[in-house]
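Below are the chains, spelled out letter by letter.
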Amino acid sequence: MTEKNFNELTDEELILEFQQNNTVKAFEILVQKYKNPLVNYVFRFLGNYESSVDIVQETMIKVYRNKDSYKSIAKFSTWIYTIAGNLARTEYQRRKRRNLFSISSYGEENEPYDIPDESYRPDIITDSGIKDEIIQKALLKVSDAYRDVVILRDIQELSYEEIAEITGIAVGTVKSRINRGRAQLQKLLKGIYKE
Amino acid sequence: MLNNKEDRKYENVVDILNRLQKVKVPENFEADLMRKINSVPQSGSEKKPQDFWNKILKGWIPTKLIPSAGLAAAAVIILFMINTNSIEAENPLLSEPRIRGNIITTISQDMPSNVEDALTKDVKKDELKSNVKEKSTAEINKEEITSNSDMLHLSTERPNIAGVDIEKRIGRFRKEIASNLSYVINKSGLNFRMVNLTEEQKNELKEKIKSLMERYNNSRKR
């Protein structure tokens, strides 16, 4: 099968190819496709870029090593998001316990903000960059359970059903959590969206 | 995305979150990833070996309850092991004391029978009696030694008085006396052989001594 043909395959077909024929190219295409959405999701949840990249790499390694665990009845995207989400939550709890994570200080002024991308560098900081920083700080103030689903819904743009599958909770609960999270954000971001 | 009433209610928030800058992985992400994958040796499809309890209890108990079931089983085992109401438990106050055979045999081998008997009586009496007995045995020893030396003297100076038979008997007597004395001689610093005589042998020896002394006295009178 040529590279062109691989690019035409769906995610499920690619993982199946990787499972059955151990085709590394299929895995590489999946990595290429999911690396940025996943790092965006994990970063918005954790607020730490380095950790987010590490978690996404760990997610990919898990996919590589445990490819046989994937069952074709589920969507590949939900499977990989579940892995990344679980790792992100574990890391968040670990940091919280060890008190190394400065999430509580995100709301305070003059606290360092983790730079996720080169576009966030102070010398090229823009108005939108400042806004992003404020939004990220507000997001990290939202309760963990609400933040997770809000990110999946409003940043990653997944459906309620997919979110329910990823988080392992009922669709109704997902909806109510999203709304509660949004309500919390609305209070925190009053100054921003009035502009 | 705003496909329901709730979404429209929080339209501003949703819009802000949608417009957030997308975070991207660093350029060397894939290279790092492949390096990590290749650095750790892959153990097959990395299937975790099934847990011992999982193997046993699979199908019987839901997976989530396996740790609690294992804990309960361990508790039951411990309860059986530390059963305080066991009938077989021995009451130390009712049990017979252990017989220390090694001590008894040591005493019987190292000490003369009279001392051994004395040990079985009260401690004070035991001490007194043993002192008395020691004294008496010392006196007897003196007498026996003197008589023995006299006898030796007799045997050397006057060999023709009692004849060859007497000489033989004296020789035998000397041997017997020597063996008899062995248990009363203080053993400290001596290389000796201890012979325990039976009552019969002791009586026989006493009779022999007595008869020999009579003969000796008689010969002196003559």
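Our structure's up above, just so we're on the same page.
An account of the accompanying structure is given in this report. Note that this is a predicted model, so its numbers are computed, not measured.

**A short note on the overall build of chain A**
(1) Moving on: In terms of helices and strands, chain A carries ten helices and zero strands.
(2) Moving on: Put simply, chain A has 195 residues, and 51% of those count as buried.
(3) Moving on: For chain A, contacts bridging at least 24 residues in sequence account for 62% of all contacts bridging at least 6.
(4) Moving on: A total accessible area of about 9400 Å² is found for chain A, and carbon and sulfur atoms account for 48% of it.

**Digging into the overall build of chain B**
(1) Moving on: Along its length, chain B carries ten helices and zero strands.
(2) Moving on: For chain B, the α and β elements follow one another from N to C terminus as α-α-α-α-α-α-α-α-α-α.
(3) Moving on: The burial tally for chain B puts 17% of its 222 residues in the buried class.

**Details of the pattern of salt bridges**
Where side chains of opposite charge bring their charged atoms close, a pairing between them can arise.
Residues and elements named next belong to chain A.
(1) Moving on: This model, assessed by the stated rule, comprises 14 salt bridges over all chains.
(2) Moving on: R182 is the salt-bridge partner of D154, the closest N and O atoms lying 2.7 Å from each other. Residue D154 is found in helix α7 (residues 144-155), and its partner R182 is found in helix α9 (residues 171-188); the two are separated by 28 residues along the sequence.
(3) Moving on: Accessibility expressed as a relative area gives 2% for D154, which makes it buried.
(4) Moving on: The exposure class of R182 is buried, given its relative accessible area of 0%.

**As for unusual backbone geometry**
Residues and elements named next belong to chain A.
(1) Moving on: Here N22, not a glycine, exhibits a phi torsion of approximately 55°, which is positive.
(2) Moving on: With respect to the helices and strands, N22 occurs in the loop between α2 (11-21) and α3 (24-46).
(3) Moving on: For N22, a relative accessible area of 44% gives the class partly exposed.
(4) Moving on: Positive phi is not limited to glycine here, since E157 has a value of about 60°.
(5) Moving on: With respect to the helices, strands and loops of the structure, E157 is situated in the loop between α7 and α8 (160-167).

**Considering the packing of aromatic side chains**
Think of a pair of aromatic rings as described by two things: how far the centres are apart, and how the planes are tilted against each other in angle.
All names here are of chain A.
(1) Moving on: Per the counting criterion, the structure on display carries nine aromatic pairs over all chains.
(2) Moving on: Both rings, one in F18 and one in F27, keep their centres 5.2 Å apart while their planes meet at 25°; by these two values the pair is stacked. A single burial state applies to F18 and to F27, both of which are buried.
(3) Moving on: With centroids separated by 5.4 Å and ring planes inclined at 70°, the aromatic side chains of Y34 and F76 adopt a geometry described as edge-to-face. Of this pair, Y34 sits in helix α3 while F76 sits in helix α5 (residues 76-98), placing them 42 residues apart in sequence.

**Describing the side chain of D154(A)**
(1) Moving on: For D154(A), the side chain forms a polar contact with the side chain of R182(A), separated by 2.7 Å.
(2) Moving on: Here D154(A) is in contact with R182(A), V14(B), L17(B) and N18(B), once residues within four sequence places are set aside.

Scoring rules and cut-offs
- Residues numbered from 1 in each chain as written.
- Chains lettered and ligands numbered in written order.
- Predicted model: local features only at pLDDT ≥ 70, side-chain atom pairs only at ≥ 80, totals over all residues.
- Heavy atoms only, no water.
- Helix = DSSP H or I, 4+ residues; strand = E, 2+ residues; numbered from the N terminus.
- Buried < 20%, exposed > 50% of the residue type's maximum accessible area, 1.4 Å probe, protein only.
- Contact = heavy atoms within 4.5 Å.
- Areas by Shrake-Rupley, 256 points an atom, 1.4 Å probe, with all protein chains shown as cover.
- Salt bridge = Lys/Arg side-chain N within 4 Å of Asp/Glu carboxyl O.
- Phe/Tyr/Trp six-rings, centres within 6.5 Å; stacked < 30°, edge-to-face > 60°.
- Polar contact = N/O pair within 3.5 Å; in protein donor to acceptor, adjacent residues only side chain to side chain.

Function cannot be inferred from these measures alone, as they are strictly geometric.
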